[in-house]
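If you want the building blocks of each chain, they are given just below.
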Number of protein chains: 2
Amino acid sequence: MRGVVLHGPGDVRVEDRADPRIVQPTDAIIRVTAACVCGSDLWPYRGVDKSDEPAPMGHEYVGVVEQVGDQVKTIKAGDFVVGSFFASDNTCEICQAGYQSRCVHAELIGAIGTQAQYARIPLADGTLVATPGPPDAGLVPSLLTASDVLGTGWFGAVAAEAGPGKTVAVVGDGAVGLLGVLAARQLGAERIVVFSRHADRQELATEFGATDILTERGDQGVTQLKELTGGLGAHSVIEAVGTQQSMMQAIRSTRPGGHVGYVGVAHGVALPGEELFFSGVHLHGGPAPVRRFLPELIGLIWDRTIDPGKVFDLELPLEEAAEGYRAMDERRAIKTLLRP
Amino acid sequence: MRGVVLHGPGDVRVEDRADPRIVQPTDAIIRVTAACVCGSDLWPYRGVDKSDEPAPMGHEYVGVVEQVGDQVKTIKAGDFVVGSFFASDNTCEICQAGYQSRCVHAELIGAIGTQAQYARIPLADGTLVATPGPPDAGLVPSLLTASDVLGTGWFGAVAAEAGPGKTVAVVGDGAVGLLGVLAARQLGAERIVVFSRHADRQELATEFGATDILTERGDQGVTQLKELTGGLGAHSVIEAVGTQQSMMQAIRSTRPGGHVGYVGVAHGVALPGEELFFSGVHLHGGPAPVRRFLPELIGLIWDRTIDPGKVFDLELPLEEAAEGYRAMDERRAIKTLLRP
């Protein structure tokens, strides 16, 4: 089969890779209908995350089940499925508490690489959710977002306790941040403030439900937000970048007793204990337990309540994956969808 | 009046200080019945927190109201009162959300110094809670704990979401940690594990409701706890020290999706963002909003459901405050009560 392999910083190639096969009796093999490039794929693409050897890429996927292992019970060949970027058994104590990305049997789908024609999905029953039937073509991009970027933005909003009566601020105007806006709107937030300097992203944020746009960053951004909120800060802040500056902007934008939901993969972040202590905020985040939200998110997409697929502003055949990475790296695209 | 003043590391003196008087119409003057030495008083006592000039000490207090300002409505002369270590108006948006220690008009009682015969308490209506009547002498130590050390341990347990079915671990066997044990028990925790190496503290922890004692610290302590909890870690961890080691021990002792309630005043702590991100824990803490809990805690003490005053294992006249500090510094005493 054909699949994307990163050979080094900036060096994306589409190559022949071995066809996946059932390894464990709990595996499924899927034919990937659509995959995409994640903001977190840009960390190794930019050389911030180092790798010594060529790495298959991709952890977001929707597709059709080709084959299942002997012990797979709820997923069957022919199902159209959406899965999380972590495989999980969905039965252990941690999964049952809603933290499937930290399942005691968790496996990282990123190590498998779903920017490819086929993929082996471990723990199929606990990882994949079948749609009610074959989806209309127009729903596929939105279903694909549920696999990570929507699930992650949603978790950020849930972790930040976005809800009725709340002012929610969003740090980061990438696809995760934008879908954090959509999530906050769905969860009933009263006011949604997004920090953004890019006209296209501001526009999509507004479409997804943002009520206010702020153009400053860091402590200037915090000052702008405080002016909007009677000096107090937001009740809920979604952090969707993962840098020291964005984390401190998120913490300082949150009122005492408020909640920071942080879902940007942390890079080089060290949180000062004294400031955190006296801030009085709640901090929660990490790799989103997407599986927790999949049934609900698929439902919202299926009945056309939400249209998160709008974050894809570039669609390419799998063979042109390199251009998909470049466009995101250069901020010419918010998010690239790849068609194997 | 007589009051405690810290002149430098280890230099505690009891001196004549100016009698307090009403400054704002929202003030009250109280005659201090009992005060005490806080674990946080040991930071400046040990020279870890620097001060250039002599500092009046003490922020925990119970007493009888002598006089109130013109605008004080709910507190009157003769009331026996317990107050928080932060003055708060208890009416602003932050107070109403339960974060009175970050009230928009908050004032630190530590700057006033309650290890003294009298004290001026700002924002009396929002800071002080009157007991149902004059307390029996035997209740005074317990009521005094509500002013900070019990309220702080309680907040740690609430922030860690201690409750029915939960395994709660407590890092720190000082008075706050021990009262965190008591709080976790009251909140219905199923299992309460305390890290402690001191026989007297282990005994009091057990009396307050601890079910398990672990004697290792740091990562060895984490390993011991994981062995007790099927490899998963505790649902809830109360951090009551404030050092880098204790914070990391708390975070690493918590299962993914679990809650760390941290109430030890942070000193020199820097939390590694990557580890925190992948831990998947909730983090909440800071200066306890004691005022939120005062009515409930006074009720539990008044009807003798709890006896937190047992943390005082040394009682001295105010004039002997220096010995009270020394005994705590040398761990000869868990907590010192001072009688003005």
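So, how was this worked out
- Residues numbered from 1 in each chain as written.
- Chains lettered and ligands numbered in written order.
- Predicted model: local features only at pLDDT ≥ 70, side-chain atom pairs only at ≥ 80, totals over all residues.
- Heavy atoms only, no water.
- Helix = DSSP H or I, 4+ residues; strand = E, 2+ residues; numbered from the N terminus.
- Buried < 20%, exposed > 50% of the residue type's maximum accessible area, 1.4 Å probe, protein only.
- Contact = heavy atoms within 4.5 Å.
- Lys, Arg positive; Asp, Glu negative; His and termini not counted.
- Charge placed at Lys NZ, Arg CZ, Asp CG, Glu CD.
- Salt bridge = Lys/Arg side-chain N within 4 Å of Asp/Glu carboxyl O.
- UniProt positions renumbered as here; feature names shortened; annotations may be inferred.
- Pairing = 2+ DSSP bridges.
- Axes fitted to C-alpha atoms, helices over the stretch in contact; angles between N-to-C directions.
- Domains from an automatic or database assignment.
- Buried area = accessible area lost by both parts, 1.4 Å probe.
- Polar contact = N/O pair within 3.5 Å; in protein donor to acceptor, adjacent residues only side chain to side chain.
- Least-squares fit on C-alpha atoms with pLDDT ≥ 70 in both.
- Arc of directions from axis to C-beta.

Peer 1: Can you walk me through the overall build of chain A in this structure?
Peer 2: Per the secondary structure count, chain A includes 12 helices and 19 strands. Its C-alpha atoms give chain A principal-axis dimensions of about 60 × 40 × 40 Å. Going through the 340 residues of chain A one by one, you find that 61% of them count as buried. Here the contacts in chain A between residues at least 6 apart in sequence split such that 69% fall between residues at least 24 apart. One finds the centroid of the 29 positive side-chain charges in chain A at a distance of 2 Å from the centroid of its 42 negative side-chain charges.

Peer 1: Sorry, what's going on with the pattern of salt bridges here?
Peer 2: Note that side chains of opposite charge can pair when their charged atoms are close. Considering all chains together, one arrives at 38 salt bridges over all chains under this definition. Here B:Asp16 and B:Arg2 are joined by a salt bridge, their closest N and O atoms 3.3 Å apart. Of this pair, B:Asp16 sits in strand E2 (residues 11–16) while B:Arg2 sits in strand E1 (residues 2–8), placing them 14 residues apart in sequence. Of the residues examined, B:Arg2 reaches a relative accessible area of 25% and is grouped as partly exposed. Through salt bridges with shared partners, a single ionic network connects A:Glu323, A:Arg326, A:Glu330 and A:Arg332.

Peer 1: Sorry if this is basic, but what is going on with the side chain of B:Thr229 here?
Peer 2: Residue and element names in this part refer to chain B. Position of Thr229 relative to the elements: it lies in the loop between helix H8 (218–228) and strand E14 (234–239). Classification of Thr229 by relative accessible area gives buried; the value is 10%. Excluding anything up to four places from it in sequence, Thr229 contacts Thr167, Ala234 and Arg255.

Peer 1: Please clarify how the environment of A:Ala183 should be interpreted in this entry.
Peer 2: Residues and elements named next belong to chain A. Tracing the chain through its elements places Ala183 in helix H6 (residues 175–186). For Ala183, a relative accessible area of 0% gives the class buried. On a C-alpha basis, the gap between Ala183 and Leu300 in space is 11 Å, while along the polypeptide they are 117 residues apart.

Peer 1: What is the right way to read the UniProt feature "domain: Alcohol dehydrogenase-like C-terminal" (unreviewed entry) in chain A from this model?
Peer 2: As recorded in UniProt, the feature "domain: Alcohol dehydrogenase-like C-terminal" (unreviewed entry) lies at residues 175–285 of chain A. Annotated as 45% helix and 27% strand, the span residues 175–285 of chain A places its first and last C-alpha atoms 17 Å apart.

Peer 1: Quick question: what am I supposed to make of the sheet that holds strand E2 (residues 11–16) of chain A here?
Peer 2: Picture the strands of a sheet paired through backbone hydrogen bonds; they go either parallel or antiparallel. Residue and element names in this part refer to chain A. With antiparallel pairing, the 3 strands of this open sheet are ordered in space as E2-E1-E4. Edge positions in the sheet fall to E2 and strand E4 (55–56), since each has one partner strand and no second. The strands that helix H12 (residues 321–329) touches are strand E1 (2–8) and E2; relative to E2, the one it contacts most, it runs at about 155°.

Peer 1: How do you make sense of the domain arrangement of chain A when you look at a structure like this?
Peer 2: The parts lose accessible area when they come together, and the size of an interface is often stated as this lost area. All names here are of chain A. The domains assigned to chain A are domain 1 (2–148 + 289–339) and domain 2 (152–285). Taking only C-alpha atoms into account, the centre of domain 1 sits 26 Å from that of domain 2. Here domain 1 meets domain 2 over a buried area of about 1800 Å², counting both sides, of which 68% is carbon and sulfur. Of all residues in domain 1, Trp43, Arg331 and Ile334 give up the largest surface area on contact with domain 2, accounting jointly for 30% of the area buried on that side. Where Glu207 meets Lys310, a salt bridge forms, and the shortest distance between an N and an O atom there is 2.4 Å. Counting across the interface, domain 1 meets domain 2 through 4 residue pairs in polar contact (both at pLDDT 80 or more).

Peer 1: Would you take a moment to explain the relation of the copies chain B and chain A for this structure?
Peer 2: Once chain B is rotated about the relating axis by 180° and shifted along it by 0.0 Å, it coincides with chain A to within an RMSD of 0.0 Å. In the structure described here, the two chain copies are related by an operation that fits a two-fold rotation axis. In this assembly, 100% of the residues forming the interface of chain B have copies in chain A that are likewise at the interface, indicating an isologous arrangement.

Peer 1: I'm lost on H12(A) in this one. Help?
Peer 2: The periodicity of an α-helix, 3.6 residues per turn, causes residues three or four places apart in sequence to face the same way. Residues and elements named next belong to chain A. Taken together, the buried positions of H12 are occupied by Ala321, Gly324, Tyr325, Ala327 and Met328. All buried residues of H12 fall inside an arc of 165° around its axis, so they share one side. Positive phi shows up at Arg331, right after H12, with a value of about 60°.

Peer 1: Would you explain the UniProt feature "domain: Alcohol dehydrogenase-like N-terminal" (unreviewed entry) in chain A in this entry?
Peer 2: Under the UniProt annotation, the feature "domain: Alcohol dehydrogenase-like N-terminal" (unreviewed entry) is placed at residues 25–123 of chain A. This span, residues 25–123 of chain A, is 8% helix and 31% strand, and a straight line between its end C-alpha atoms measures 9 Å.

Peer 1: Which parts of the structure should I look at to understand the interface of chain B and chain A?
Peer 2: Contacts between the two partners involve 35 residues from chain B, matched on the other side by 35 residues from chain A. Counting the surface lost from both chain B and chain A, the interface buries some 3000 Å², and carbon and sulfur atoms represent 63% of this. Contact with chain A buries area across many residues of chain B, yet B:Arg102, B:Pro256 and B:Phe277 alone supply 21% of it, more than any other trio. Summed over the shared surface of chain B and chain A, the result is 2 salt bridges. Two residues, A:Glu93 and B:Arg255, come together in a salt bridge whose shortest N-O distance is 2.7 Å. On the surface where chain B and chain A come into contact, there are 18 residue pairs in polar contact (both at pLDDT 80 or more). Secondary-structure elements contributing two or more residues to the side of chain B that touches chain A are helix H2 (93–96), strand E15 (254–262), strand E16 (270–272), helix H10 (273–279) and strand E17 (282–285) of chain B. The element contributing the most residues to the side of chain B that touches chain A is H10(B), with 6 residues.

Peer 1: Hey, could you run me through the sheet that holds strand E13 (residues 212–214) of chain A in this one?
Peer 2: Within the open sheet, the 12 strands sit side by side as E13(A)-E12(A)-E11(A)-E14(A)-E15(A)-E17(A)-E17(B)-E15(B)-E14(B)-E11(B)-E12(B)-E13(B). Their pairing is mixed. Each edge of the open sheet is held by one strand with a lone partner, namely E13 of chain A together with strand E13 (212–214) of chain B. Pairs of neighbouring strands in the sheet enclose a mean axial angle of 20°, with direction left out of account. As paired strands, strand E11 (residues 167–171) of chain A and strand E12 (residues 191–195) of chain A are joined by 5 bridges and run parallel to one another. Residue pairing in the sheet places A:Ala169 in a bridge with A:Val193 of E12(A). Its contacts with the sheet place H6(A) against E11, E12 and strand E14 (234–239) of chain A, and it is angled at close to 175° to E12(A).

Peer 1: Please clarify how the side chain of A:Gln115 should be interpreted in this entry.
Peer 2: All names here are of chain A. Relative to the assigned elements, Gln115 resides in the loop between strand E8 (107–108) and strand E9 (118–121). A residue is classified by how much of its surface remains accessible, and Gln115, at 0% relative accessible area, is buried. At 2.9 Å, the side chain of Gln115 and the backbone oxygen of Cys36 are in polar contact. Polar side-chain contacts of Gln115 include one of 2.7 Å to the side chain of Tyr325. The contacts of Gln115, once residues within four sequence positions are left out, are Gly3, Val4, Ala35, Cys36, Val37, Asp41, Met57, Gly58, Leu318, Tyr325 and Leu338.

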